[in-house]
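An overview of the molecular structure
Spelled out from the first residue to the last, the chains are:
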Amino acid sequence: MDPSEGVGQDYSVISVIKKATPWHPDVQVAEWASNKVGPHDLWSFVYAIGNVYTVKARDGRLVQPRVVVETNIAAGDAVQSELLKRGWVNFHQQVDLTKGSKKGKTRVRLDIIGWKTTKGTRPKLISI
């Protein structure tokens, strides 16, 4: 989820990706975009769309899809904060890929949720 910087400035975008399995690759299954929704109202759209893709596990638990919010601007933090207030629990947790095993099997999880797009993370975000 990429929040806008304000109404009419750029677009807020919510993209829903079905995670790859051995039988199919990652695939985008839905997208919502608007330049009419302010960043502080965006959480409600993320919440609604996320609940469409929430499923019931075999043991009866509800399993929320992972929400990955770009947090380069304050609006991203505001979206996460509003979702947390409403009980959302499945967020992307940042990892430090410079620590852990050299083969990349062990990731050091940071105590930070959200996605920061930087010079180093941008290629990972847009690669196929």
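The structure under discussion appears in the preceding block.
For the structure given in this document, a descriptive report is provided here. These numbers were taken from a predicted model, which means no experiment stands behind them. (Residues numbered from 1 in each chain as written. Predicted model: local features only at pLDDT ≥ 70, side-chain atom pairs only at ≥ 80, totals over all residues. Heavy atoms only, no water.)

What to know about the nonpolar core
This is how it is decided: Put simply, buried Ala, Val, Leu, Ile, Met, Phe, Trp, Tyr and Cys residues joined by side-chain atoms within 4.5 Å make one nonpolar core. Buried residues are those whose accessible area, probed at 1.4 Å on protein chains only, stays under 20% of the maximum for their type, while exposed residues exceed 50% and partly exposed ones sit between those limits. Elements are defined by DSSP. Helices are runs of H or I of four residues or more, strands are runs of E of two residues or more, and each kind is numbered from the N terminus. For this analysis, residues touch if any pair of their heavy atoms sits within 4.5 Å.
Of all hydrophobic cores here, the largest spans 13 residues; its most connected members are Met-1, Ile-14, Leu-42, Val-46, Val-67, Val-79 and Leu-83. When contributions to this core are tallied by element, the ones reaching two or more residues are helix H1 (42-52) and helix H2 (74-85). Here the element with the most residues in this core is H1; it accounts for 3 residues. Contacts of Ile-14, omitting those with residues within four sequence positions, involve Met-1, Ala-30, Glu-31, Trp-32, Leu-42, Phe-45, Val-46 and Ile-49.

As for H1
To keep it simple, the criterion reads: Starting at the helix axis, one direction is taken to each C-beta atom, and the arc is that of these directions.
Inspection of H1 places Leu-42, Trp-43, Val-46 and Gly-50 among the buried residues, and these make up the whole buried set. Viewed along the axis of H1, the buried residues span an arc of 100°, placing them on a single side of the element. Considering only its buried residues, H1 is in contact with strand E1 (12-18), strand E2 (27-34) and H2.

Observations regarding the environment of Ile-113
Of note, Ile-113 is situated in strand E6 (residues 108-113). Through-space distance from the C-alpha of Ile-113 to that of Val-67 is 9.6 Å; in sequence the pair is 46 residues apart. Sequence-distant contacts of Ile-113, that is, excluding residues within four places in its chain, are made with Thr-71, Gln-80, Leu-84, Phe-91, His-92, Gln-93 and Gln-94.

Considerations on the packing of aromatic side chains
As a reminder, the rule being used: In summary, the pairing rule links any two rings of Phe, Tyr or Trp, Trp by its six-membered ring, whose centres are within 6.5 Å, and it sorts them by plane angle into stacked for under 30 degrees, edge-to-face for over 60 and tilted for everything else. For a Lys NZ or an Arg CZ to count as sitting over a ring, it must be within 6 Å of the ring centre and within 35 degrees of the ring normal.
Throughout the structure, instances matching the rule amount to 3 aromatic pairs. Grouping aromatic residues by their ring pairs yields a cluster made of Trp-43, Tyr-47 and Trp-88. It is Arg-86 that lies over the ring of Trp-43; its NZ or CZ is 3.7 Å from the centre.

As for H2
In plain terms, the rule: Given the number of residues in a helix, its expected span is that number minus one, multiplied by 1.5 Å.
In this model, H2 (12 residues) spans 17 Å end to end at C-alpha, consistent with the 16 Å of a helix rising 1.5 Å per residue. Burial in H2 covers these residues: Ala-75, Gly-76, Ala-78, Val-79, Gln-80, Glu-82 and Leu-83. Those residues of H2 hidden inside the fold are in contact with H1 and E6. In the segment just after H2, Gly-87 is the residue with positive phi, at about 95°.

A few points about the side chain of Thr-54
Inclusion rule: Within 3.5 Å is the distance limit for a polar contact, defined as a pair of N or O atoms, with the added protein rule that one can donate a hydrogen and the other accept it, and that residues adjacent in sequence qualify only through two side-chain atoms.
If you trace the backbone, Thr-54 turns up in the loop between H1 and strand E3 (55-56). Of note is the side chain of Thr-54, whose polar atom sits 3.0 Å from the backbone oxygen of Gly-50. Non-local contacts of Thr-54, meaning those with residues more than four positions away in its chain, are made with Leu-62, Val-63, Gln-64, Pro-65 and Trp-88.

Observations regarding the packing of H1 against H2
Stated precisely, the cut-off is as follows: To obtain an axis, a line is fitted to C-alpha atoms, over the contacting stretch when the element is a helix, and the angle between two such axes runs from 0 to 180 degrees between their N-to-C directions. Our angle categories are set so that under 35 degrees counts as roughly parallel, over 145 as roughly antiparallel, 65 to 115 as roughly perpendicular, and the remainder as oblique. Here a crossing is called left-handed whenever its near helix is offset anticlockwise from the far helix by less than a right angle, and right-handed whenever the offset is clockwise. When residues are grouped by polarity, Ala, Val, Leu, Ile, Met, Phe, Trp, Tyr, Cys and Pro land in nonpolar, Asp, Glu, Lys and Arg in charged, and all others, Gly among them, in polar.
Between H1 and H2, the least distance of the axes is 9 Å, while the angle of their chain directions is 55°. The pairing of H1 with H2 is recorded here as oblique in orientation. Here the hand of the crossing between H1 and H2 comes out right-handed. Here H1 contributes Leu-42, Trp-43, Val-46 and Tyr-47 to the contact with H2, which in turn contributes Val-79, Glu-82 and Leu-83. When the residues that make up the contact of H1 with H2 are grouped by side-chain class, the tally is 6 nonpolar, no polar and 1 charged.

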